[in-house]
Amino acid sequence: MFLAIVPAYNEEKRISSVIQSLFQCVDEIVVVDDCSTDKTAEVAKKAGARVLRHKINLGQGAALETGHVYARERGAEFILHFDGDGQLSVEDISPAFEQLKTSGADIILGSRFLDTRSQVPWFKRTVLLPVGVLINKFFTGLKLTDAHNGFRILNARALDKIRITQDRMAHATEIISLIKKYNLKHVEFPVKVVYHEYGQRSMAGFRILKDLVFGKFMK
Amino acid sequence: MLVLFQLLVVLFALFAILSVLSKKKEGLLGFKGTIFWILFWVGIGVVAVWPNTIQNLADRFGIGRGVDLAFYISIALLFFLIFKMNVKIEGLKRDLSRLTREDSLRDLDK
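Residues numbered from 1 in each chain as written. Chains lettered and ligands numbered in written order. Predicted model: local features only at pLDDT ≥ 70, side-chain atom pairs only at ≥ 80, totals over all residues. Heavy atoms only, no water.

(A) Structural view of the overall build of chain B. Helices and strands together make up the secondary structure of chain B, namely 4 helices and 0 strands. Taken from N to C terminus, the helices and strands of chain B fall in the order α-α-α-α. Expected size for 110 residues packed as a compact globule is a radius of gyration near 13 Å; at 21 Å, chain B overshoots this value by more than 25%. Residues counted as buried form 20% of the 110 residues belonging to chain B. Within chain B, counting contacts between residues at least 6 apart in sequence, those at least 24 apart form 36% of the total. For chain B, the accessible surface area stands at approximately 8,300 Å², while carbon and sulfur atoms represent 74% of it. Looking at charge distribution, chain B has the averaged site of its 14 positive side-chain charges lying 7 Å from that of its 9 negative ones. (Helix = DSSP H or I, 4+ residues; strand = E, 2+ residues; numbered from the N terminus. Rg over C-alpha atoms; globule rule 2.2 N^0.38 Å. Buried < 20%, exposed > 50% of the residue type's maximum accessible area, 1.4 Å probe, protein only. Contact = heavy atoms within 4.5 Å. Areas by Shrake-Rupley, 256 points an atom, 1.4 Å probe, with all protein chains shown as cover. Lys, Arg positive; Asp, Glu negative; His and termini not counted. Charge placed at Lys NZ, Arg CZ, Asp CG, Glu CD.)

Quick look at the structure:
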């Protein structure tokens, strides 16, 4: 079974179309509503997704891990991480899934920088993301072309090993460090990202850094 | 004036010790924590009544002034307590995440 995990927070306007398009590629969709204040959960349910609702806003990392727990209970063979804001493209899923199977990789990581389809804002492309890539390299030992891309496909082995403890945005770096720790075979795959808004603000980077540094002192 | 200051510090230390004992009785403080805080406030009282003790201690450690020793100890203690509190808060956050997660899985599709 190929299961999509869609973390969502206040996405009532876009979640329905994301779910409808995802059904062309996966067998089941679970939306993890991270305590939205709008009708995200109701809209997602109406669109045909299973819905898990956090009663407290925990963050995207926590929402993904909730999806992981559900996927393990369901015995999913493959899972897809896909953002609920409609910025990722479903056309990338099938070729990425094929790549995962043919390459024998445990995890596919989406990258905006392996082709030219993504119109990444200038400051983000030339300053923030290169810094993010370096920080990831420092904390994880792996150098990838992109940092904090929400598109990933995991097989059952990766799903079993990757247990996210970083509740907020530092989970993206934590996932890479778990890939390194468990020696999971990973492949980067070009994906298209369409920006509706700027995305995370620059200050969010400092928060991620703080979470990563402090996370080093925790189990 | 000094006597009044000493009296106030001793009274405050006594009040703090009583508060520590009451927290222990309520089960909010463990044995080690209780001993630590009682010794801490006794130490504050002793230094207030006999200020020379801290100077003698400073001399033994080769630190010039008693007040400098008190300053170094305070800073070290504060950093240690902040670290302990951060670890505690992080643990509570993880418990909260776990409970929220379990709750969401229990209430699936409700």
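(B) Broad picture of the side chain of Thr 100 of chain B. Examined against the element boundaries, Thr 100 of chain B turns out to sit in helix H4 (residues 66-106). On the accessibility criterion, Thr 100 of chain B (5% relative accessible area) is buried. When sequence neighbours within four positions are dropped, the list of residues in contact with Thr 100 of chain B reads His 54, Lys 55, Ile 56 and Leu 58 of chain A.

(C) The arrangement of the pairing of strand E5 (residues 107-111) of chain A in detail. Residue and element names in this part refer to chain A. Within E5, 5 of the 5 residues are buried, leaving the element largely enclosed by the surrounding structure. Looking at chain direction, E5 and strand E6 (residues 152-155) are connected through 3 bridges and run antiparallel. Looking at the pairing, Ile 107 lines up with Leu 154 of E6. With 5 bridges connecting them, E5 and strand E7 (residues 186-190) associate as parallel partners. Among the inter-strand pairings, Leu 109 is bridged to a residue of E7, identified as Glu 188. (Pairing = 2+ DSSP bridges.)

(D) Representation of the nonpolar core in the model. Residue and element names in this part refer to chain A. Core analysis: the biggest nonpolar cluster contains 38 residues, and Leu 22, Leu 80 and Phe 151 have the highest contact counts within it. Of all elements in the fold, only strand E1 (2-8), helix H1 (15-22), strand E2 (28-33), helix H2 (40-46), helix H4 (93-103), helix H5 (122-140) and E7 reach the threshold of two or more residues within this core. Apart from the residues within four sequence positions on either side, Leu 80 is in contact with Phe 2, Leu 3, Ala 4, Ile 5, Leu 22, Val 26, Ile 93, Phe 151, Arg 152 and Ile 153. Val 30, Ala 71, Ile 107 and Ile 164 belong to the second-largest nonpolar core, a separate cluster that totals 27 residues. (Core = buried A, V, L, I, M, F, W, Y, C linked by side-chain atoms within 4.5 Å.)

(E) A look at the interface of chain A and chain B. The interface is formed by 20 residues belonging to chain A together with 17 residues belonging to chain B. At the boundary of chain A with chain B, total buried surface from both sides reaches about 1,800 Å², with 57% on carbon and sulfur atoms. Counting the contacts that link chain A with chain B gives 2 salt bridges. Between the two partners, chain A and chain B, sit 5 residue pairs in polar contact (both at pLDDT 80 or more). If you list the elements that add at least two residues to the side of chain A that touches chain B, you get strand E3 (50-53) and helix H3 (60-74) of chain A. A per-element tally of the side of chain A that touches chain B places H3 of chain A first, with 6 residues. Of the residues in the side of chain A that touches chain B, the class split is 9 nonpolar, 3 polar and 8 charged. (Buried area = accessible area lost by both parts, 1.4 Å probe. Salt bridge = Lys/Arg side-chain N within 4 Å of Asp/Glu carboxyl O. Polar contact = N/O pair within 3.5 Å; in protein donor to acceptor, adjacent residues only side chain to side chain. Nonpolar A, V, L, I, M, F, W, Y, C, P; charged D, E, K, R; others polar.)

(F) View of the sheet that holds E7 of chain A. Residues and elements named next belong to chain A. An order of E3-E2-E1-E4-E6-E5-E7 is seen for the 7 strands of this open sheet, with the pairing classed as mixed. This sheet does not close on itself; its edge strands, each paired only once, are E3 and E7. Averaged over all pairs of adjacent strands, the angle between strand axes in this sheet comes to 20°, irrespective of strand direction. Two strands pair when backbone bridges link them, and E1 and E2 are joined in this way by 6 bridges, in the parallel orientation. Counterpart to Val 6 in the pairing with E2 is Val 31. Across the sheet, H4 touches E1, strand E4 (78-81), E5, E6 and E7, and the angle it forms with E7 is around 155°. (Axes fitted to C-alpha atoms, helices over the stretch in contact; angles between N-to-C directions.)

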